[in-house]
Amino acid sequence: AKTLHIEKLKMQLAVLRRTRFGRSSEKLDRDIEQLELLIGELKEEAGAADARDAVADPTANKDAKAPVKPRDRKHPVRKPLPPHLPRETVIHEPEGISKSQVSRLCSEIDERVHAFLGRPIEGDWPYIWLDATYVKVRRDHHIVSVAVIVAVGVNTDGRREVLGMTIGHSEAEPFWVEFLRDLTRRGLRGVKLVVSDAHEGLKAAITKVLCATWQRCRVHFMRNAMAHAGKTQRRIVSAWVGTAFAQNDAETARKQWRHVADELRPRVPKLATLMDHAEADVLAYMSFPAPHRVKLHSTNPPERLNGEIKRRSDVVGIFPNEAAVTRLIGALLLEQNDEWTVQRARYMSLETIAPMSDDDAVSLPLLAA
């Protein structure tokens, strides 16, 4: 009863304090002071009464719960054993992985990754896609961005594979030449078309090492082209340039390309000049079989793979060294290559890709009886 009375007085005191807020009144001040004194006296009387009851009946608070001690982080409280386990059963808590185990696992992954990236390349590979993505690495106590180059190819069986990967500090011509020569030393041959973004060093390296046609990514070209058009005209200009891509053969596509460039010249001269210089590179895929063109005009195949690489590397943030980059991304490429290998559907049909081989012995397999 006293506790309830004290709570009511506290509520009255709170009301008086809110009433007092913002103004001065002697009567309110006296009432608040009297309530505070009364609450203090009631608390003292209630405490004395509890003490007398405890002395009179020591067993009154026997069933009361003991206060919970704060958990010690160094010595955590162990959970009791489940009732279905015998008393002699000992549950061991999981321990961390030792440094030797980490080193052993990393060495096993490195061995598999290097074997995959250095494996021999067999057969003809008519089409190759090259693309780069950037990750951050620590080097000499500095954080730098390095280019991760990935090569994806399709062989004369219509199967897609990851051909190689390397890490470079720049995308200059010597770097591309070394990467392509490494692929040729492993057995790369029969390349007809290389699809990539616009890199002058890469274009020169393709001509020097592979002697193949270069296809400039159509998607990247359209982004660069729309930068020369006004915001209100970009949709119209994009549709106009796209009419050249909708043609059935290379000759008709080139004629339409020149026609669009001539029509745009008075209004957007920079875009027309860009189209004049990029005609042969952007329309190179039109000289190849029609069923393949939808997959040859851009770098979409490796870009999807690069998107997965970025997703995994963003979790790491900054790699400690280049070996860690090779380990993580190489393992990812190995996993992706295995998925492509077990796919039942071919990336390109055997009937359309087989004639692209330089080997006369390549022919369609006989159907099973």
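These lines cover the structure that appears in this document, whether it is placed above or below. (Residues numbered from 1 in each chain as written. Predicted model: local features only at pLDDT ≥ 70, side-chain atom pairs only at ≥ 80, totals over all residues. Heavy atoms only, no water.)

Note that S298 resides in the loop between α10 (290-296) and α11 (300-316). Only 3.1 Å separates the side chain of S298 from the side chain of N300, close enough to count as a polar contact. Those residues in contact with S298 that lie beyond four places of it in its chain are W129, V195, C217, R218 and V219. (Helix = DSSP H or I, 4+ residues; strand = E, 2+ residues; numbered from the N terminus. Polar contact = N/O pair within 3.5 Å; in protein donor to acceptor, adjacent residues only side chain to side chain. Contact = heavy atoms within 4.5 Å.)

Where helix α3 (residues 99-117) contacts helix α12 (residues 322-342), the two axes come as close as 9 Å, and the packing angle between them is 60°. Comparing the axis directions of α3 and α12 gives the class oblique. Judged by the twist between their axes, the crossing of α3 over α12 is left-handed. The residues of α12 that touch α3, namely those facing C106, I109, D110, R112, V113, H114, F116 and L117, are T326, R327, G330, A331, L333, L334 and N337. Grouping the constituent residues of the contact of α3 with α12 by class yields 8 nonpolar, 4 polar and 3 charged. (Axes fitted to C-alpha atoms, helices over the stretch in contact; angles between N-to-C directions. Parallel < 35°, antiparallel > 145°, perpendicular 65-115°, else oblique. Left-handed = near helix turned anticlockwise from the far one by under 90°. Nonpolar A, V, L, I, M, F, W, Y, C, P; charged D, E, K, R; others polar.)

Here we come to α3. At 3.6 residues per turn, the α-helix brings residues three or four places apart onto the same side. The end-to-end C-alpha distance of α3 is 27 Å, a good match for the 27 Å that 19 residues give at a rise of 1.5 Å each. Along α3, the residues classified as buried are V113, F116 and L117. Buried residues of α3, viewed axially, fall in a sector of 85°; they line one side. Every exposed residue of α3 that faces more than 90 degrees away from the buried side is listed here: S100, E111, R112 and H114. (Expected span 1.5 Å × (residues − 1). Buried < 20%, exposed > 50% of the residue type's maximum accessible area, 1.4 Å probe, protein only. Arc of directions from axis to C-beta.)

The next point concerns the side chain of D197. Structurally, D197 is set in the loop between β4 (193-196) and α5 (200-210). Of the side chains bearing the opposite charge, R216 lies closest to the buried D197, which forms no salt bridge; the N-O distance is 5.3 Å. Other than its neighbours up to four places away in sequence, D197 contacts L130, L202, W214, C217, H220 and T299. (Lys, Arg positive; Asp, Glu negative; His and termini not counted. Salt bridge = Lys/Arg side-chain N within 4 Å of Asp/Glu carboxyl O.)

Looking now at the packing of helix α6 (residues 218-226) against helix α9 (residues 269-282). Across the interface, α6 lies against α9 with an axial gap of 11 Å and an inter-helix angle of 175°. In terms of orientation, α6 and α9 fall into the roughly antiparallel class. Mapping the contact onto sequence places R218, F221, N224 and A225 in α6 and L271, L274, M275, A278 and V282 in α9.

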